[in-house]
Amino acid sequence: MKRYPALDILDADIDLLLADLDEHGPTAIEERPGGIRAFFTTAAARDAAARALGGGRRVEPIEVSDEDWARCSQEHLTAVTVGRITVTPPWLAAEPNGLVIVINPSMGFGTGHHPTTRLCLDALQQLDLAGQAVLDVGTGSGVLALAARLLGADPVVGVDNDPDAIASAAENLMLNRAASGVRFLTGDFGAVMSTGTPANVAVANLTGAVLVREARALSACVRPGGRLIVSGLLDSERAGVVGAYPGWTLERERQEEGWVALVLRSPARV
Ligand code: SAH
């Protein structure tokens, strides 16, 4: 059985904790009473984060099994509806109305239960995606790429640097015939996109720090006049993220539980 390196961290100041944690590249974060549980790709990355985050905080390294993950994530057992789209685990009957995305809850982040995923699902539905090239940066379970395809986008590409995420995205693609044609690629999006064609719409549900640090690479993913949907940032990081995209127009903004999603429009070529 696969085990995932994780840290349980207790800290009253969650915002500060998330900001500090961000630099250590957690692959997923779960909020827990009094703190968070953060997952890492390797035990070495987890241990480095544990050392750096230690001062004044209670930090406990743990190994989480697949089974524990599924059991602890009771919330994953329900379906979530955002606008016309319902994200459901395979064992629930499909909704008769609207667009349905079946997601098998696993390590791939993106079951629709995190506010940032919902904010992105909402933002995608505000755009006319018919025939538009869409890129999902940090696709996780593939949920946003699958949603874009159901909304008529074509071609749709999802990229993730975590091979486990891409494996789960590929599995989810098999569960969603209506979304066939989506391509999932493993790799850092900067490297993957340097060889690809820019998209009409890119959606990047990452973290505030990554959205700032990778602003150039993300900007290059979008055609002139196209849109970039960003989320994964906290309200406290909003100004920094907006400032990292000079010349872009902020077209839409929504918040849920302190999490922010922005729709930015790329400057048209002059
Ligand atoms: N899009 C999904 C999952 C978001 S979680 C949703 O909205 O629910 C963020 C994902 O980004 C993780 O799966 C992580 O592995 C991936 N990621 C982080 N940095 C990346 C990078 N530089 N290149 C590619 N993927 C990255």
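This text gives an overview of the structure that appears in the document.

### A few points about the pairing of strand β2 (residues 28-32)
- Where β2 meets strand β3 (residues 35-39), five bridges bridge the pair, whose relative direction is antiparallel. By the bridge assignment, Ile-29 is partnered in β3 with Ala-38.
- Count of turn residues in the β2/β3 antiparallel hairpin: two residues, of which Gly-34 carries a positive phi of about 80°.

### Side note on the pattern of salt bridges
- Across all of its chains, the model carries twelve salt bridges by this definition.
- The closest approach of N and O atoms between Arg-46 and Glu-63, which form a salt bridge, is 3.1 Å. Note that Arg-46 is positioned in helix α2 (residues 43-53) and Glu-63 in strand β4 (residues 58-65), a separation of 17 residues in sequence.
- Owing to a relative accessible area of 35%, Glu-63 belongs among the partly exposed residues under this scheme.
- For Arg-254, the salt bridge goes to Asp-122, with nearest N and O atoms at 2.9 Å. Taken as a pair, Arg-254 in strand β13 (residues 249-256) and Asp-122 in helix α4 (residues 115-125) lie far apart in primary sequence, 132 residues in all.
- Residue class for Arg-254 comes out partly exposed when judged on its relative accessible area of 34%.
- One network of salt bridges, with partners in common, ties together Arg-46, Asp-47 and Glu-63.

### Side note on the sheet that holds β2
- The strand order across the open sheet formed by four strands is β2-β3-β1-β4, and the pairing between neighbours is antiparallel. Across the chains shown, the open sheet's two edge strands, defined by having one partner strand only, are β2 and β4. Ignoring strand direction, the axes of neighbouring strands in this sheet form an average angle of 25°.
- Sitting on the sheet, helix α1 (residues 14-22) is in contact with β1 (3-10), β2 and β3, with an inclination near 15° to β3.
- Seen against the sheet, α2 touches β1 and β4 and runs at an angle of roughly 10° to β1.

### Brief notes about the packing of aromatic side chains
- If you walk through the whole model with that rule in mind, you get one aromatic pair.
- Considering the side-chain rings of Tyr-245 and Trp-248, the 5.8 Å spacing of their centres and the 80° angle between planes classify their relative orientation as edge-to-face. The pair Tyr-245 / Trp-248 is uniform in exposure class, with both members buried.

### Points about the pairing of β13
- Where β13 and strand β14 (residues 259-265) come together, seven bridges link them in antiparallel fashion. Each residue of the ladder has a partner; that of Glu-256, found in β14, is Trp-259.

### Notes on the site of the ligand
- Of all residues adjacent to the ligand, which total 17 residues, the nearest are Thr-117, Gly-138, Asp-160, Asp-188 and Asn-205.
- Side-chain polar atom of Thr-117 to an oxygen atom of the ligand: 2.6 Å apart, as the coordinates give it.
- Within the side chain of Asn-205, an N or O atom sits 2.8 Å from an oxygen atom of the ligand.
- Compared with its free state, where it exposes 590 Å², the ligand has 89% of that area covered by protein.
- In terms of residue class, the shell around the ligand is built from five nonpolar, eight polar and four charged.

### Some thoughts on the environment of Leu-99
- With respect to the secondary-structure elements, Leu-99 resides in strand β7 (residues 99-102).
- Separated by twelve residues in the primary sequence, Leu-99 and Val-87 have C-alpha atoms spaced 8.6 Å apart.
- When residues no more than four places from it in sequence are discounted, the contact partners of Leu-99 are Arg-84, Ile-85, Thr-86, Leu-150 and Leu-151.

### As for the sheet that holds β14
- The mixed open sheet is built from seven strands, whose spatial order is β10-β9-β8-β11-β12-β14-β13. Strands with a single pairing partner mark the edges of an open sheet, and in this sheet they are β10 (183-186) and β13. Each strand axis lies, on average, 15° off the axis of its neighbour in the sheet, ignoring direction.
- Where strand β12 (residues 222-234) lies against β14, seven bridges are found, and the strand directions are antiparallel. Its bridge partner lying in β14, Arg-227 is registered against Arg-265.
- Along the sheet, helix α6 (residues 163-174) makes contact with β9 (156-160) and β10, crossing β10 at roughly 165°.

The rules behind each value
- Residues numbered from 1 in each chain as written.
- Predicted model: local features only at pLDDT ≥ 70, side-chain atom pairs only at ≥ 80, totals over all residues.
- Heavy atoms only, no water.
- Pairing = 2+ DSSP bridges.
- Helix = DSSP H or I, 4+ residues; strand = E, 2+ residues; numbered from the N terminus.
- Salt bridge = Lys/Arg side-chain N within 4 Å of Asp/Glu carboxyl O.
- Buried < 20%, exposed > 50% of the residue type's maximum accessible area, 1.4 Å probe, protein only.
- Axes fitted to C-alpha atoms, helices over the stretch in contact; angles between N-to-C directions.
- Contact = heavy atoms within 4.5 Å.
- Phe/Tyr/Trp six-rings, centres within 6.5 Å; stacked < 30°, edge-to-face > 60°.
- Near = heavy atom within 4 Å.
- Polar contact = N/O pair within 3.5 Å; in protein donor to acceptor, adjacent residues only side chain to side chain.
- Areas by Shrake-Rupley, 256 points an atom, 1.4 Å probe, with all protein chains shown as cover.
- Nonpolar A, V, L, I, M, F, W, Y, C, P; charged D, E, K, R; others polar.

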